[in-house]
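Close look at the chain arrangement
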Amino acid sequence: NVFDTAYIYNSGKSDENLGRWLNSRKLKDEVIILGKGAHTPDCYPESIRPQLLKTLSRLKLDCLDIYCLHRDNYEIPVGEFIDVLNEIRSEGLIKIYGASNWSLNRFKESFDYSKANSKNPFSILSNNFSLAEMIEPVWPGCESCWDESYREFLTKENIPIFPWSSQARGFFLKGNEVKASYHPANPDRAEQDRVWFDDKNLKRRERCFTMAEEKGFQPIEVALAYVLNQSFPTFPLIGPRNLFETESSVKSLEINLSHEDIRWLDYK
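Residues numbered from 1 in each chain as written. Predicted model: local features only at pLDDT ≥ 70, side-chain atom pairs only at ≥ 80, totals over all residues. Heavy atoms only, no water.

Packed helices, taken two at a time, are described by the angle their axes make and the gap between the axes. The contact between helix H7 (residues 199-215) and helix H8 (residues 219-228) brings their axes to 8 Å, and the two run at 105°. Viewed along their axes, H7 and H8 adopt a mutual orientation that is roughly perpendicular. When H7 is examined against H8, the residues Cys208, Phe209, Met211 and Ala212 are found in contact with a partner set consisting of Pro219, Val222 and Ala223. In terms of residue class, the contact of H7 with H8 is made up of seven nonpolar, no polar and no charged. (Axes fitted to C-alpha atoms, helices over the stretch in contact; angles between N-to-C directions. Helix = DSSP H or I, 4+ residues; strand = E, 2+ residues; numbered from the N terminus. Parallel < 35°, antiparallel > 145°, perpendicular 65-115°, else oblique. Contact = heavy atoms within 4.5 Å. Nonpolar A, V, L, I, M, F, W, Y, C, P; charged D, E, K, R; others polar.)

Next comes the structure, spelled out in structure tokens:
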């Protein structure tokens with residue numbers, strides 16, 4: 001019941017289409033909207049409010065359930081972002097806020113600054129996370145929370161994550177059927193090779209296929225179950241293009257992976 005959108009998606013049409021759908025079916029109180037803003041090159045504290053107001057107008061909503069900074073800007077002190085987010089939260093424009101594509105050091109800084117200044121820190125994280133480790137960023141400025149130190153921090157602080165590309169953009173499909181398509185955000189073979197293909201990820205893929213056969217599921221469903229069965233709260237974002245892909249993703253909820261299963265898949 002969570003829908004992920006952003007100020008820049010499809011030049012604003014993502015917000016508009018989602019808003020029309022919510023209102024035509026009177027679903028405002030039944031779903032959760034995760035909105036994002038302040039994407040590079042407009043990743044500045046002063047960009048947050050006007051973009052958020054525009055997003056709310058497009059969605060025909062008064063408040064966002066979850067708001068994330070879409071990128072980070074290392075030239076800006078973390079505190080300046082936190083100050084603005086606290087202000088708009090106090091005005092009732094957002095309920096909780098977090099960060100997307102932030103490094104562990106910068107994410108930790110939000111907690112240090114907030115504690116020292118009696119502010120609310122980031123409540124959630126929306127970085128990349130999947131069974132495959134992101135070798136190179138899918139897009140410039142992207143960050144993962146895959147490494148062990150990041151996971152330990154998320155577990156210690158019980159931070160929920162909403163990971164994008166939680167199925168590694170088709171890396172765990174049988175035959176790796178990655179095809180060029182009309183949509184510029186769709187993966188192609190060159191992206192797959194650049195972002196995911198190394199010995200460790202290929203070993204994880206091989207183990208995922210073995211476990212899928214043993215459990216009677218598709219590999220991509222086991223890969224999503226891996227994300228769902230972490231020691232910190234996970235709400236993996238998926239991007240199905242049809243009903244079949246939606247149904248396949250939902251099947252992942254039926255797969256319970258033990259700690260030993262996770263360790264076996266998580267080849268290092």
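Don't stop here, the text continues.
Attention shifts here to the side chain of arginine 169. Position of arginine 169 relative to the elements: it lies in the loop between helix H5 (148-157) and helix H6 (189-195). With relative accessibility at 15%, the residue arginine 169 sits in the buried group. Side chain to side chain, arginine 169 and glutamate 191 meet in a polar contact 2.6 Å long. (Buried < 20%, exposed > 50% of the residue type's maximum accessible area, 1.4 Å probe, protein only. Polar contact = N/O pair within 3.5 Å; in protein donor to acceptor, adjacent residues only side chain to side chain.)

A word on the pattern of salt bridges. Enumeration according to the criterion identifies twelve salt bridges in this entry. What emerges from the salt-bridge pattern is a single network uniting Arg49, Glu87 and Glu91. (Salt bridge = Lys/Arg side-chain N within 4 Å of Asp/Glu carboxyl O.)

Here we take up the packing of aromatic side chains. In the structure shown here, the tally under the stated rule is 15 aromatic pairs. Look at phenylalanine 107 and tyrosine 150: their rings are 6.4 Å apart centre to centre, the planes differ by 45°, and that puts the pair in the tilted class. Highlighted residues: phenylalanine 107 in helix H4 (residues 104-117) and tyrosine 150 in helix H5, separated in sequence by 43 residues. Its relative accessible area of 1% is what places tyrosine 150 among the buried residues. Considering the side-chain rings of phenylalanine 129 and tyrosine 226, the 6.1 Å spacing of their centres and the 15° angle between planes classify their relative orientation as stacked. Taken together, the positions of phenylalanine 129 in the loop between strand E5 (124-125) and H5 and tyrosine 226 in helix H8 put the pair 97 residues apart, joining distant regions of the chain. The pair formed by phenylalanine 129 and tyrosine 226 is uniform in burial state, with each residue classed as buried. In this structure, arginine 151 is placed above the aromatic ring of tryptophan 146, and the distance from its NZ or CZ to the ring centre is 4.5 Å. Taking the ring centre of phenylalanine 171 as reference, the NZ or CZ of arginine 205 above it sits at 5.8 Å. (Phe/Tyr/Trp six-rings, centres within 6.5 Å; stacked < 30°, edge-to-face > 60°. Lys NZ or Arg CZ within 6 Å of the ring centre and 35° of its normal.)

Looking now at the pairing of strand E4 (residues 94-99). In this structure, strand E3 (residues 64-69) lies alongside E4, joined through five bridges in parallel fashion. Opposite leucine 69, over in E4, you have alanine 99 as the bridge partner. The parallel pair E3 and E4, bridged by helix H3 (residues 78-90), forms a crossover whose chirality is right-handed. When E4 meets E5, the two strands line up parallel, connected through two bridges. The residue bridging glycine 98 from the neighbouring strand is isoleucine 124, located in E5. (Pairing = 2+ DSSP bridges. Right-handed = clockwise from strand over helix to strand, strands pointing away.)

Bringing helix H1 (residues 13-24) into the picture now. Compared with an ideal rise of 1.5 Å per residue, which puts twelve residues at 16 Å, H1 spans 16 Å between its outermost C-alpha atoms and is within 8% of the ideal. For H1, the full list of buried residues reads Asp15, Leu18, Gly19 and Leu22. Angularly, the buried residues of H1 cover 105° about the axis, an arc narrow enough to put them on a single face. Buried-residue contacts for H1 involve strand E1 (2-4), strand E2 (32-37) and helix H2 (45-59). (Expected span 1.5 Å × (residues − 1). Arc of directions from axis to C-beta.)

For lysine 115, the position within the fold is in helix H4. The class of lysine 115 is exposed, set by a relative accessible area of 73%. For lysine 115 and leucine 59, which are 56 residues apart along the polypeptide, the C-alpha to C-alpha distance reads 33 Å.

This brings us to the confidence of the model for the protein chain. Overall, the predicted model of the protein chain reaches an average pLDDT of 94, with 95% of residues at or above 70. This model gives residues 177-184 a pLDDT under 50, and the stretch forms nine contacts once residues within four places in sequence are excluded. (pLDDT = per-residue confidence, 0-100.)

Turning our attention to the nonpolar core. Formed by 72 residues in total, the largest nonpolar core has its most connected members in Ile48, Leu69, Leu85, Phe107, Phe122, Phe172 and Tyr226. Beyond its immediate stretch of four places on either side in the chain, phenylalanine 122 contacts Leu69, Ile82, Leu85, Tyr97, Gly98, Ala99, Trp102, Phe107, Ser110 and Phe111. (Core = buried A, V, L, I, M, F, W, Y, C linked by side-chain atoms within 4.5 Å.)

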